[in-house]
Amino acid sequence: MIRRVGVIGAGTMGAGIAAQVANAGVPVVLLDIVPAGANNRNALAEGAIARMRKAEPAAFMHDGAAKLIEPGNLEDDLGKLSDCDWIIEAVLERTDIKQALYRKLESVRRSGSAISSNTSTIALKVLTKGMSEAFRRDFLITHFFNPPRYMRLLEIVAGADTAPETVTAVAEFANVGLGKSIVRCEDSPGFIANRLGIYWMQAAVTQAFDLGLTVEEADAIVGPPMGIPKTGVFGLMDLVGIDLGPHVNASMRAVLPPSDAFHSVDRDIPLIGRMIAQGLTGRKGKGGFYRMDRAGGGRSKLAIDLQTGEYRAEQKPALPEIAAAGRDLLALLSAKTKAGTYAFRVLAQTIAYAATLIPEAAASIADIDEAMRLGYAWRWGPFELADKLGSAWLVEHLTAEGMTVPKLLADAAGKTFYRVHEGRRQYLAADAGTYRDIVRAPGVLLLEDIKLASKPVLKNGSASLWDIGDGVVCFEFTSKSNALDEKTVDLLNKSIELVKTRFKALVIYNEGSNFSLGANLGLALFAANIAAWGEIEKSIAAGQNAYKALKYAPFPVVAAPAGMALGGGCEIVLHADAVQAHAETYIGLVEAGVGLIPGWGGCGEMLARWRAEPKLPRGPMPAPAKVFEGISTADVSKSAHQAMEKKFLRPTDGISMNRDRLLADAKQKALSLVEGYQPPKPPEFVLPGPSGRAGLYAAAEGFHKRGLATDHDLVVADALADVLSGGDTDIIDVMTEQQVMDLERKAFMRLIRTEPTLARVEYTLETGKPLRN
């Protein structure tokens, strides 16, 4: 059991690791050296904590996490590590420095405590050479990715002497507590993700120069068409720092054998050397392959010409091959054009190199694919990409191009690297003769696995209902962006009726990038453009009725959001009996950004929650004021913990750090509510009426006078204030939940008829950004 952690090294990685441990609610000791001539001997550790408090994206999930980190220094506070269960070293990548530290730790650490290095370049056998048997037994490598809060991959390397129970304890804590997906690696250079990622980047860069592509063309080709983030390769180098490349390449050059294919793509690019010398190191420097045009006020983007080294205006690449290929990756790589040649050379060589890493770096193709999905945010790993091309096609074309075909690829020719057999996903073993099941860790339940072995209980074009066992069903949004529409509402109503008679509980969950971005605005805009106001109002009423039916159903409902849960997606969470949220859940009622207000009960739910807050002053005004503040500013939580502070989640709701454990945790929470379940009692409201509306509107006017709110913001604020103050009610009147919903619906309909609101909706649909009109 890991109850206390020590981190040594308060640089970017060490501080980030300490922050994530604190996010898990575990106390941390963060130590660094004493700076020369410093008055404050803890300056480095304290400075790191202060930087993380202000970091964007945020390192801490909530303010309280920072208080769990105790700063110190290696001269005065080494003894504080004596009661740590896990000590993580994240100091300079020099073996002599690390080993000198390890010898100091031997004298203070508790016997049996785990000790690990965050090294990304030094082999475990090198780090432990000359160390005691007891040290080697407790030592392993835990390679985090930056930033540690957001990157899910943790590569673990164990030595021949490492105690299995040490590896198990660290892996379990990292998986459950820190939310990491664990990939076991062999003790080889760069481990898995960086070994392959560095090769891919070097191949993509050198081929772009060789073929005369622009940076925009290269990034468009080795980006989204291959399931790689739109930064592509040059945008990624700008992000991580161009000056890092030569150091990493030199490290790999020094440790990889001459026979390794890395050496075939390893060469210095003169332009990159000149850029580094000029301080053009990417986003952290004066610019990189891309930069903002300072002469133009920083509003336009420039890109570097790879041939001349001069900046020019960014150009949208004209690549008909990508449009023609659509989702057919094979068509792109088969195109007899410069773009097709580039796509083939980069991807085919990367897949071939990946095949050489088994068993040297990884035990299986599944481990390599997992490492690239989680460490480099690829949608598909290299062997999943190989299946899109076909192994036989790959072997044939690699051979035709005179490229080396690794044995694993040659043996796999004509087979798929993955298959579904008897409802289970399997991967091709290293001998290419047998398939093995992909085995999930205990406590992991994925809808993608359930879908392989069963059919939906109910389904339409926007949602599905799945039986996840033990009398629990899962309601899944399936539309684009998981947007909610009439089909979603219809299937939700049917699901409620079905669960009443056949099941015990309902979980609302999906495995999209975002839980739901809210109602389908495109349909609303279309209806508004043909003046179908009655249909819009019907859809609002239908959503309100469905969410009420969900709230008062005779069985427990648990919402399990992850990613963004906005607008109507937030409102369905608010109507659940309980929530089991992923730690990285960003939730909010954002309708004001498109000139609207919540229409599916969000106003009443938030009023009830703030009214129940014991720290809030009594009376009819404080709760509406807090809700008005949040909704009018489209406030969104930056984590599930922060969502509790903002009342989107209750103190009794749960938080899962690991995304893959979310469904199992939500199912367990739902089952825990079954026995003796009773639906909640409808809330009643005492609201301030017209005087309260005037007060709320006056607050909005204050922002308007300071230039922080637009004219239409005032219109939206007035409509929201009318709902939250109860319309024409009196402070002696008691309002029902339905009466507040009626006010919500009427205010929504007033706003959607206005031209500025329709302009906001249209602009947001086109750009994904809010219009400030």
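Anything mentioned here points back to the structure above.
Peer 1: Now, about the pairing of strand β18 (residues 505–508): what can you tell me, with residues and values included?
Peer 2: What you see with β18 is no split at all: Ala 505 and Val 507 on one side and Leu 506 and Ile 508 on the other are buried throughout. Note: strand β17 (residues 472–477) against β18, four bridges, orientation parallel. Bridging from a neighbouring strand, Cys 474 pairs with Val 507 of β18. With respect to chirality, the unit in which β17 leads through helix α22 (residues 486–502) into the neighbouring parallel β18 is right-handed. Of the strand pairs in this sheet, β18 and strand β19 (residues 557–559) are connected by three bridges, and their pairing is parallel. Considered in β19, the bridge of Ile 508 is made with Ala 559.

Peer 1: Before we move on, can you summarise helix α30 (residues 690–705) with the specific residues and values?
Peer 2: The end-to-end C-alpha distance of α30 is 22 Å, a good match for the 22 Å that 16 residues give at a rise of 1.5 Å each. When α30 is considered as a whole, its buried residues turn out to be Gly 692, Leu 696 and Ala 700. Down the axis of α30, the sector holding all buried residues measures 75 degrees, keeping them to one side. Exposed side of α30, more than 90 degrees from the buried face: Ser 691 and Lys 705 are the residues found there.

Peer 1: Account for the sheet that holds strand β10 (residues 301–304), with residues named and values stated.
Peer 2: Two pairing modes exist for strands in a sheet, parallel and antiparallel, and in both the strands are linked by backbone hydrogen bonds. Spatial strand order, β9-β10-β11: three strands in an open sheet with antiparallel pairing. Edge positions in the open sheet fall to β9 (290–292) and β11 (311–313), since each of these has one partner strand only. Going across the sheet, the axis of each strand differs from the next one's by a mean of 40 degrees, ignoring polarity. Sheet topology places β9 next to β10; three bridges connect them, and they run antiparallel. Its bridge partner being in β10, Tyr 290 is matched across the sheet by Ala 303.

Peer 1: Account for the packing of aromatic side chains, naming residues and giving values.
Peer 2: Under the criterion given, the structure shown has 13 aromatic pairs. A ring pair is formed by Phe 475 and Phe 477, whose centres lie 5.9 Å apart and whose planes are at 80 degrees; its orientation type is edge-to-face. Looking at Phe 475, the relative accessible area reads 0%, which means it is buried. Overall, the relative accessible area of 3% leaves Phe 477 in the buried class. By the ring-pair criterion, three or more aromatic residues cluster together here, those being Trp 86, Phe 144 and Phe 173. Above the plane of the ring of Tyr 311 lies Arg 291, whose end atom (NZ or CZ) is 4.1 Å from the centre. Across the ring face of Trp 380, the terminal group of Lys 388 is positioned such that the distance to the ring centre comes to 4.1 Å.

Parameters at a glance
- In this convention, every chain numbers its residues from 1, walking through the sequence in written order.
- Thresholds applied to this predicted model are a pLDDT of at least 70 for local features of residues and 80 or more for the giving and counting of side-chain atom pairs; totals over whole chains, interfaces and linings are not thresholded and use all residues.
- As a rule here, side-chain values cover all heavy atoms of the structure and leave hydrogens and water aside.
- Relative accessibility under 20% of the residue-type maximum defines a buried residue, over 50% an exposed one, and the middle range a partly exposed one, all with a 1.4 Å probe and only protein chains included.
- Helical segments are the DSSP runs of H or I of at least four residues, strand segments are the runs of E of at least two, and each set is numbered from the N terminus.
- When DSSP finds two or more bridges between two strands, those strands count as paired.
- Handedness of a crossover is defined as follows: orient the strands so they point away from the viewer, and if the path from the first strand over the helix to the second runs clockwise, the crossover is right-handed.
- Given a helix with a known number of residues, its expected span is that number minus one, times 1.5 Å.
- By construction, the arc corresponds to the directions joining the helix axis to the C-beta atoms.
- To obtain each axis, a line is fitted to C-alpha atoms, and for helices this fit is confined to the stretch in contact; angles are then taken between N-to-C directions over 0 to 180 degrees.
- Each Phe, Tyr or Trp ring, with Trp reduced to its six-membered ring, pairs with another whose centre is within 6.5 Å; inter-plane angles below 30 degrees give stacked pairs, above 60 give edge-to-face pairs, and intermediate values give tilted ones.
- Two limits define a charge over a ring: the Lys NZ or Arg CZ must be within 6 Å of the ring centre, and within 35 degrees of the ring normal.

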